[in-house]
Structure formats: structure tokens, C-alpha cells
Amino acid sequence: MINWTRVAELRDEIGPEDFSEVAELFLMEVEDTLSRLILAESDPTTMQELMHFLKGSALNLGFSKLSDTCSAAEMEASEGKITLDIPQLKSLYSQSRRLFETEYAQRFAA
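As the structure is a prediction and not an experimental result, all values here were calculated from the model.

Engineer: Sorry, what's going on with helix 1 (residues 4–14) here?
Structural biologist: It helps to recall that an α-helix has 3.6 residues per turn; residues three or four apart then point in one direction. Within helix 1, burial applies to Trp 4, Arg 6, Val 7, Leu 10 and Arg 11. On an axial view of helix 1, the arc spanned by its buried residues comes to 155°, and they lie on one face. The exposed set on the far side of helix 1, more than 90 degrees from its buried face, consists of Thr 5, Asp 12 and Glu 13. Contacts from the buried residues of helix 1 go to helix 2 (16–36), helix 3 (44–60) and helix 5 (86–107).

Okay, here's the thing in C-alpha cells:
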């Protein structure tokens, strides 16, 4: 669910002191985007754009399962189809976030 190697790479790239700020910004932006998905349920172009953003954001912070799900939804939307289960996607995000927040401190304790 979480690619901890990617998390470590990002943490090393930006530094441990700035990582928390970047992670918090990511989480806020993802939640904002998730809240707008309902508005895109009947608009494949907007859905594709939102899924592209979520996919990239999730990939950057190591939320691999979320990124994979968004990638599939982005591809469908690019074909004019929207079959995304929004509540399921939000649940996946919540599960990923909980796991990230729970394990991050253990994995990267100073």
C-alpha cells in the first residue's frame, strides 16, 4: 500500500526537516481534490485531470495502491468512461493515510 523506498527517497531529497511540511501539503491537496470528484462524475475530461493529479501526488509520496487505482481511473476517463467508485477511492486514501501516519514515525525515528 505504501512504497517506503519512495518515501525514504523523497525524505532524503528534501531533507527530514522539510519532509513533514511537504507531506502535510500533499495530504491537504489530495483531500481537496477528493472532495471535488463528485462534481466530475459526469465529465470524463475533468475526471481524467483529477485522476492524473491524484496519481502523481500519490506516487510522489509513496501511496502506491492509491496511485495505481487513480492511474486506471485516468485511463478509463481518457476513453470517455467513468466507473470509479468514489467512496472506495476515498476509503483507500484513508487507509493509506492511516498506515503512513502510523508507520512513518517508526520507520524514520531519529
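The structure having been displayed, the exposition proceeds.
Engineer: Explain the environment of Phe 19 to me, please; I cannot follow it from the model alone.
Structural biologist: Tracing the backbone shows Phe 19 in helix 2. Under the relative-accessibility criterion, Phe 19 is labelled buried at 1%.

Engineer: So what exactly am I meant to see when it comes to the packing of aromatic side chains here?
Structural biologist: The geometry of two aromatic rings is summed up by the distance between their centres and the angle between their planes. This structure, assessed with the given rule, holds nine aromatic pairs. An aromatic cluster is built from Trp 4, Phe 19, Phe 26, Phe 63, Tyr 93, Phe 100, Tyr 104 and Phe 108, whose rings are joined through pairwise contacts.

Engineer: Would you mind going over helix 2 with me for this structure?
Structural biologist: Between its first and last C-alpha atoms helix 2 spans 31 Å; for 21 residues at 1.5 Å apiece the expected length is 30 Å, and the two agree. Those residues of helix 2 that fall on the buried side of the exposure criterion are Phe 19, Ala 23, Phe 26, Leu 27, Val 30, Thr 33 and Leu 34. Viewed end-on, helix 2 has its buried residues packed into an arc of 135°, placing them on one side of the element. Counted as exposed and oriented over 90 degrees from the buried face of helix 2: Glu 17 and Glu 21.

Engineer: Help me understand the packing of helix 3 against helix 4 (residues 64–78), please; the structure alone is not making it clear to me.
Structural biologist: What describes two packed helices is the angle between their axes and the distance between those same axes. Where helix 3 contacts helix 4, the axes come no closer than 8 Å and their chain directions differ by 155°. The angle between the axes of helix 3 and helix 4 places the two elements in the roughly antiparallel class. Helix 3 and helix 4 meet at a crossing whose hand is left-handed. In this structure, helix 3 uses Pro 44, Met 47, Gln 48, Met 51, His 52, Leu 54, Lys 55, Ala 58 and Leu 59 to contact helix 4, whose residues at the interface are Leu 66, Ser 67, Cys 70, Ser 71, Ala 73, Glu 74, Ala 77 and Ser 78. The residue inventory of the contact of helix 3 with helix 4, partitioned by class, reads 10 nonpolar, five polar and two charged.

Engineer: Where do I start with the nonpolar core in this structure?
Structural biologist: The tendency in soluble globular proteins is for nonpolar side chains to be buried as a group. Counting 31 residues, the largest nonpolar core has Leu 37, Met 51, Phe 63, Leu 89 and Phe 100 as its most contacted members. Residue assignment for this core shows that the elements contributing at least two residues are helix 1, helix 2, helix 3, helix 4 and helix 5. The contact partners of Met 51, leaving out residues within four places of it in the chain, are Leu 37, Cys 70, Ala 73, Glu 74, Leu 84 and Leu 89.

Engineer: It is not clear to me how the pattern of salt bridges should be interpreted in this structure. Could you clarify?
Structural biologist: Pairing of side chains with opposite charge becomes possible as their charged atoms draw close. Counted by the stated rule, this structure contains eight salt bridges. Across the pair Lys 81 and Glu 79 runs a salt bridge, and its minimum N-O distance is 3.2 Å. The class for Lys 81 is partly exposed, based on a relative accessible area of 43%. We note a salt bridge from Arg 97 to Glu 101, for which the minimum N-O separation is 2.7 Å. Placement of both Arg 97 and Glu 101 in helix 5 is noted, with a separation of four residues, approximately one turn of the helix. Take Arg 97: its relative accessible area is 17%, and that puts it in the buried class. Since its relative accessible area comes to 43%, Glu 101 is described here as partly exposed. The structure contains a network of salt bridges with shared partners spanning Arg 6, Glu 9 and Glu 13.

Criteria and thresholds
Residues numbered from 1 in each chain as written. Predicted model: local features only at pLDDT ≥ 70, side-chain atom pairs only at ≥ 80, totals over all residues. Heavy atoms only, no water. Buried < 20%, exposed > 50% of the residue type's maximum accessible area, 1.4 Å probe, protein only. Helix = DSSP H or I, 4+ residues; strand = E, 2+ residues; numbered from the N terminus. Arc of directions from axis to C-beta. Contact = heavy atoms within 4.5 Å. Phe/Tyr/Trp six-rings, centres within 6.5 Å; stacked < 30°, edge-to-face > 60°. Expected span 1.5 Å × (residues − 1). Axes fitted to C-alpha atoms, helices over the stretch in contact; angles between N-to-C directions. Parallel < 35°, antiparallel > 145°, perpendicular 65-115°, else oblique. Left-handed = near helix turned anticlockwise from the far one by under 90°. Nonpolar A, V, L, I, M, F, W, Y, C, P; charged D, E, K, R; others polar. Core = buried A, V, L, I, M, F, W, Y, C linked by side-chain atoms within 4.5 Å. Salt bridge = Lys/Arg side-chain N within 4 Å of Asp/Glu carboxyl O.

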